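# Descriptive structure summary
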Amino acid sequence: MHSLLRKAHYIPAGFFFAYATILVLLTIPQIQRELLFLHHVPLPLFPDFESPEKYGLAPFKARNLRLNISDGEEIGAWHILPRTVYQSLNPFPPEASLDMDLFDQAFQDRPTILYFHGNAGTRAVSHRVRSYSSFSNNLDCNVLVIDYRGFADSSGKPSEKGLIEDARTAYNFVSRSMQKVGMSKEEMQNNILLIGQSLGTGVVSGLAGQLAEEGINPKALVLIAPFTSITELLASYRLFKFIPILGPLAVFPSAQRFFQSFLLHPFNSIKALGRTSSPTLILHAVNDNTIPHAHSARIFSSLRSDSALAVSTWKEKSYAGWGTVRSFDRGEKGEVIWWEGKNGGHDNLGWAEGTIDLIARIARL
């Protein structure tokens, strides 16, 4: 018994050593990149991006694209047609690959959603495909989804700057396609929605902030399970949902700040969103075990504090079993809506009927 008690003393020491090792490893840029982006997680296995229909999309409804980035990298993307454009084909469903001019023309026919996914996996992951399908069918929009540099069939290594550059390339691709069919600059920005989920909300925020500085305001921003910044998120985040990162250091604030200072990709969403002037929708479930829904509360509060109309236009309504919708108006900057949902977890929000209705509302579709 005494021998067992003596050995038991080593257990806390082992946990402490393991945790300290994780903290030290996170200060190494290459390891930090791997753990933040998880871009080498191969989901699904052996994907066939040339055949989007293998993952649940209708035959020939999506085209596989390669987009060239200004810094020399190349990323993979899918463009999914809106429901009405696809169903207007003759014969329907189509019997062979569609002419690329039809895809370009679709940008004029219906609004376009640029979708930016979270870390790990690819554009072919099932819950992501379910979102594209819902955007295409229920919102009747084009959908352009990219795999960031370092993910899937895209070249390069991910970084905050790199992902935002990838997103800007996607925006520019759609803008050029709209120009080809005769749309004006104002028409273009009034027909593009930016939707991000998880890590993708940091990308949307960064891109929207960059566009706002150029006087470009997309039709709407939709943030699904967002975070205020990676710096703050690490204080509560659990790697693989069970390994705490900086949470245990909360009792030692100076130590927590020390390790936060090594973060190379902060994705400060609150700072970036403060520059934007587009209608904004925030979607977050209270049962999200990856990103606490308190992050959405802070984003909503930060946007509210910048609006003189927030108090006079404030609305709040709770729906039993579904969640609470809060909103206020920012005048020319548009409405801000926050849905605090009862269910949906981290991944199953973008395609649900109620949230699709809120996207339609914020974008006036």
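Keep in mind it's a predicted model, so treat the numbers as computed, not measured.

### Overview of the sheet that holds strand β9 (residues 280-285)
Strand order in this open sheet of ten strands is β1-β2-β4-β3-β5-β6-β9-β12-β11-β10, and the pairing throughout is mixed. In this open sheet, the two strands that pair with only one neighbour each are β1 (62-68) and β10 (315-319). For this sheet, the mean angle separating the axes of adjacent strands, direction not counted, is 15°.

### Quick word on the pattern of salt bridges
Taken as a whole and assessed by the stated rule, the structure comprises 16 salt bridges. For Glu214, the salt bridge goes to Arg168, with nearest N and O atoms at 2.9 Å. With Glu214 in the loop between α9 (199-213) and β6 (220-224) and Arg168 in helix α7 (residues 160-180), the pair connects residues that are 46 residues apart, well separated along the chain. By relative accessible area, Glu214 is classed as partly exposed at 41%. Look at Arg168 and you get buried, because its relative accessible area is 13%. Look at the salt bridges and you will find they share partners, linking Arg66, Glu74, Arg123, Asp147 and Asp153 into a network.

### A short note on the environment of Val203
With respect to the helices and strands, Val203 occurs in helix α9. Val203 sits 36 residues away from Ala167 along the chain, and the two C-alpha atoms are 7.1 Å apart. Setting aside residues no more than four positions away along its own chain, Val203 makes contact with Phe116, Tyr148, Leu163, Ile164, Ala167 and Phe267.

### A closer look at the pairing of β6
Sheet faces and side chains relate simply in a regular strand, where the side chains alternate between the two faces. The buried fraction of β6 amounts to five of the five residues, a majority that puts the element mostly inside the structure. Burial along β6 is two-sided: Ala220, Val222 and Ile224 and Leu221 and Leu223, pointing in opposite directions, are all buried. Direction of pairing for strand β5 (residues 192-197) relative to β6: parallel, over a ladder of five bridges. The partner of Ile195 across the bridge, within β6, is Val222. One crossover worth recording links β5 to the parallel β6 by way of α9, and it is right-handed. Relative to β9, β6 runs parallel, the two sharing four bridges. Bridge assignment links Leu223 to a residue of β9, and that residue is Ile282.

### Remarks on the UniProt feature "domain: AB hydrolase-1" (unreviewed entry) in the protein
According to UniProt, the feature "domain: AB hydrolase-1" (unreviewed entry) maps to residues 111-226 in the numbering used here. Span residues 111-226 is 47% helix and 18% strand, its end C-alpha atoms 23 Å apart.

### A closer look at the pairing of strand β11 (residues 323-329)
Buried residues dominate β11, accounting for six of its seven residues. Here β10 pairs with β11 via five bridges, running antiparallel. From the neighbouring strand, Ser318 faces β11, where its bridge partner is Thr324. When β11 meets strand β12 (residues 335-341), the two strands line up antiparallel, connected through seven bridges. By the bridge assignment for β12, Ser327 is matched with Ile337. Here β11 hands over to β12 after five residues, with Gly331 in that stretch at a positive phi of 70°.

### Observations regarding the side chain of Thr280
Along the polypeptide, Thr280 turns up in strand β9. Since its relative accessible area comes to 0%, Thr280 is described here as buried. Apart from residues lying up to four places away in sequence, Thr280 is in contact with Leu221, Leu223, Leu303, Arg330, Glu335, Val336, Ile337 and Ile362.

### What to know about the environment of Pro82
Tracing the backbone shows Pro82 in the loop between β2 (74-80) and α4 (83-87). Each C-alpha atom of the pair Pro82 and Phe103 lies 9.7 Å from the other, and the pair is 21 residues apart in sequence. Each residue touching Pro82, except ones within four places of it in the same chain, is listed here: Ala106, Arg110, Ser136, Asp140, Cys141 and Asn142.

### Regarding helix α3 (residues 29-37)
Residues lying three or four places apart along an α-helix face the same way, a consequence of the helix completing one turn every 3.6 residues. What α3 keeps buried is the set Gln32, Arg33, Leu36 and Phe37. Along the axis of α3, the buried residues cluster in a sector spanning 100°; they form a single face. Immediately downstream of α3, the backbone of Leu38 shows phi near 45°, a positive value.

### Details of helix α5 (residues 100-109)
Buried within α5 we find Phe103, Asp104, Ala106 and Phe107. In a view along the axis of α5, the buried residues occupy a sector of 145°, so they form one face of it. Summarising the contacts, the buried residues of α5 are in contact with β1, β2, α4, β3 (112-116), β4 (142-146) and α7. In this structure Asp99 caps α5, since a side-chain oxygen of it lies 2.7 Å from the backbone nitrogen of Asp101.

### Structural notes on the packing of aromatic side chains
Going through the model one piece at a time under the given rule, you end up with 14 aromatic pairs. Relative to Tyr132, the ring of Trp78 has its centre 6.5 Å away and its plane inclined at 85°; by these criteria the two rings are edge-to-face. Of this pair, Trp78 sits in strand β2 while Tyr132 sits in helix α6 (residues 126-138), placing them 54 residues apart in sequence. Here the two residues Trp78 and Tyr132 agree in accessibility, since each one is buried. Taken together, the ring pairs in this structure connect Phe49, Tyr55, Trp78, Tyr115, Tyr132 and Phe135 into an aromatic cluster. A cation over a ring is seen here: Arg123 above Phe49, with NZ or CZ 4.0 Å from the ring centre. It is Arg130 that lies over the ring of Trp351; its NZ or CZ is 3.5 Å from the centre.

Thresholds, definitions, all that
- Residues numbered from 1 in each chain as written.
- Predicted model: local features only at pLDDT ≥ 70, side-chain atom pairs only at ≥ 80, totals over all residues.
- Heavy atoms only, no water.
- Pairing = 2+ DSSP bridges.
- Helix = DSSP H or I, 4+ residues; strand = E, 2+ residues; numbered from the N terminus.
- Axes fitted to C-alpha atoms, helices over the stretch in contact; angles between N-to-C directions.
- Salt bridge = Lys/Arg side-chain N within 4 Å of Asp/Glu carboxyl O.
- Buried < 20%, exposed > 50% of the residue type's maximum accessible area, 1.4 Å probe, protein only.
- Contact = heavy atoms within 4.5 Å.
- Right-handed = clockwise from strand over helix to strand, strands pointing away.
- UniProt positions renumbered as here; feature names shortened; annotations may be inferred.
- Arc of directions from axis to C-beta.
- Polar contact = N/O pair within 3.5 Å; in protein donor to acceptor, adjacent residues only side chain to side chain.
- Phe/Tyr/Trp six-rings, centres within 6.5 Å; stacked < 30°, edge-to-face > 60°.
- Lys NZ or Arg CZ within 6 Å of the ring centre and 35° of its normal.

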